[in-house]
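Below, each chain spelled out in residue letters.
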Amino acid sequence: MLKIWGRASAVNVQKAMWAVGETGAPFERIDLGGKFGGLDDPGYVAKNPNRRVPTLEDDGLVLYESGAIVRYLAAKYSPENLWSQSEAERALIDQWMEWTVSTLYPDFITLFWLVFRTPIADRNLPRIASINEAANKSYAILEEHLEGRDYLVGNRFTAADIPAGMTLYRYFEMKEIEIPSLPNVRNWYQRLCERPAYQAHVMLDFEELRGRLDF
Ligand SMILES: N[C@@H](CCC(=O)N[C@@H](CS)C(=O)NCC(=O)O)C(=O)O
């Protein structure tokens, strides 16, 4: 059976688990990292020398990097739905996955740490404003792309929606930042919220992370 190591509250684990959930493949998730520790255990380091989560094991394959895990799961377990048999469509799926990791995600996660994970007294307001502005530029790109579209690629749910869609739950629900009006992104978010795999693996209460800089 497919195994994933990583605590459920880690966004990169959520990204991988959302993809697992979408495929419907049976899985076992083993808590690791954060308050569970274990990242430095030699057995784990042999699987993932980065000492980070998630790590996947399936059919003798050991794989880290959440984006690689999503692509593997999509190609193996959902070649026609999450993935695509069209080279052009696959390239577009890749484009959005790469864009998210290189452009949207760094600002999103920095914002989350500066705002939600930093105790109020220690928050750096000018830095928050500047990162929020940078993140908003990326969300504005999504807003424009989603005009007249339900999903990022091919007007159906694909792996392209997973990395960027994963950020939305915390972006919209942390309620600590000013968010521009993003009607297309909000409608896309509502569609994602209807997906059982998003509900099970992404829409998880993250209150335990408030003001917590220790992991
Ligand atoms: N590029 C890696 C990043 C992995 C990563 O930084 N994971 C974080 C959680 S989101 C982690 O392991 N943090 C340490 C911990 O959870 O204790 C990926 O996408 O898988």
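Residues numbered from 1 in each chain as written. Predicted model: local features only at pLDDT ≥ 70, side-chain atom pairs only at ≥ 80, totals over all residues. Heavy atoms only, no water.

What follows covers the site of the ligand. Taken together, Arg 7, Ala 10, Val 11, Asn 12, Gly 33, Gly 34, Leu 39, Arg 52, Val 53, Pro 54, Glu 65 and Ser 66 make up all the residues around the ligand. The side chain of Glu 65 places a nitrogen or oxygen atom 2.7 Å from a nitrogen atom of the ligand. Burial of the ligand by the surrounding chains reaches 77%, relative to a free accessible area of 510 Å². Its residues placed into classes, the shell around the ligand shows five nonpolar, four polar and three charged. (Near = heavy atom within 4 Å. Polar contact = N/O pair within 3.5 Å; in protein donor to acceptor, adjacent residues only side chain to side chain. Areas by Shrake-Rupley, 256 points an atom, 1.4 Å probe, with all protein chains shown as cover. Nonpolar A, V, L, I, M, F, W, Y, C, P; charged D, E, K, R; others polar.)

With mixed pairing, the four strands of this open sheet are ordered in space as β2-β1-β3-β4. Only two strands of the sheet have a single neighbouring strand rather than two, namely β2 (27-30) and β4 (61-64). Within the sheet, the average angular offset between the axes of one strand and its neighbour, ignoring direction, is 15°. Inspection of the sheet shows strand β1 (residues 2-5) paired to β2 by four bridges, in the parallel sense. Looking across to β2, one finds that Ile 4 is bridged to Arg 29. (Pairing = 2+ DSSP bridges. Helix = DSSP H or I, 4+ residues; strand = E, 2+ residues; numbered from the N terminus. Axes fitted to C-alpha atoms, helices over the stretch in contact; angles between N-to-C directions.)

Along its sequence, the protein chain is organised into domain 1 (2-77) and domain 2 (87-202). With centres defined by C-alpha atoms, the gap from domain 1 to domain 2 works out at 21 Å. Opposite the 15 residues of domain 1 that make contact, domain 2 presents 20 residues. Buried area between domain 1 and domain 2, summed over both chains or domains, comes out near 1,600 Å², and the portion from carbon and sulfur atoms is 65%. For the domain 1 face of the interface with domain 2, the top three residues by lost area are Val 11, Trp 18 and Arg 71, together amounting to 45%. For Arg 71, the salt bridge goes to Glu 98, with nearest N and O atoms at 3.0 Å. (Domains from an automatic or database assignment. Contact = heavy atoms within 4.5 Å. Buried area = accessible area lost by both parts, 1.4 Å probe. Salt bridge = Lys/Arg side-chain N within 4 Å of Asp/Glu carboxyl O.)

We now examine the packing of aromatic side chains. Overall, the coordinates contain 13 aromatic pairs when judged by the stated rule. Ring geometry for Tyr 139 and Tyr 171: centres 3.9 Å apart, planes at 15°, overall stacked. Here Tyr 139, found in helix α5 (residues 125-145), pairs with Tyr 171, found in helix α6 (residues 161-173); they are 32 residues apart in sequence, far enough to count as distant. Linked through ring pairs, Trp 18, Tyr 139, Tyr 151, Phe 157, Tyr 171, Phe 172, Tyr 189 and Tyr 198 together constitute an aromatic cluster. Directly above the ring of Trp 113 sits Arg 117, whose terminal nitrogen or CZ lies 3.9 Å from the centroid. (Phe/Tyr/Trp six-rings, centres within 6.5 Å; stacked < 30°, edge-to-face > 60°. Lys NZ or Arg CZ within 6 Å of the ring centre and 35° of its normal.)

The subject of this paragraph is the nonpolar core. Core analysis: the largest hydrophobic core is formed by 69 residues, its most contacted members being Trp 18, Tyr 139, Leu 142, Leu 168, Trp 188 and Tyr 198. Where this core is concerned, the elements lending two or more residues are β1, α1 (11-23), α3 (66-77), α4 (87-115), α5, α6, α7 (183-193) and α8 (196-201). For this core, the leading source of residues is α4, giving 12 residues. Both of domain 1 (2-77) and domain 2 (87-202) provide at least three residues apiece to this core. (Core = buried A, V, L, I, M, F, W, Y, C linked by side-chain atoms within 4.5 Å. Buried < 20%, exposed > 50% of the residue type's maximum accessible area, 1.4 Å probe, protein only.)

Here the focus is α7. Along α7, the residues that are buried comprise Asn 184, Val 185, Trp 188, Tyr 189, Leu 192 and Cys 193. Looking at the buried positions of α7, the neighbouring elements they touch are α1, α5, α6 and α8.

Take the layout of surface pockets next. Put simply, the largest pocket is a space of about 700 Å³. Forming the walls of the largest pocket are 31 residues, and the residues nearest its centre are Val 11, Asn 12, Arg 52, Val 53 and Tyr 105. Elements represented by at least two residues in the lining of the largest pocket include exactly α1, α3 and α4. In terms of residue count, α4 provides more of the lining of the largest pocket than any other element does, seven residues in total. By residue class, the composition of the lining of the largest pocket is 14 nonpolar, eight polar and nine charged. (1 Å grid on protein atoms, 1.4 Å probe; cavity = no way out; pocket = protein on both sides within 12 Å on 5 of 7 lines; lining within 4 Å. Points joined across faces, edges and corners; volume = space filled by probe spheres on them.)

To continue, consider unusual backbone geometry. Geometrically, the link from Val 53 to Pro 54 is a cis peptide bond, its omega value of 10° lying close to zero. For Pro 54, the position within the fold is in the loop between α2 (42-47) and β3 (55-58). Even without being a glycine, Arg 51 presents a positive backbone phi close to 55°. Note on placement: Arg 51 falls in the loop between α2 and β3. Of note, Asp 59 is a non-glycine position whose phi angle comes to about 55°, a positive value. Here Asp 59 is to be found in the loop between β3 and β4. Residue Asp 59 is classed as exposed on the basis of its relative accessible area, which comes to 71%.

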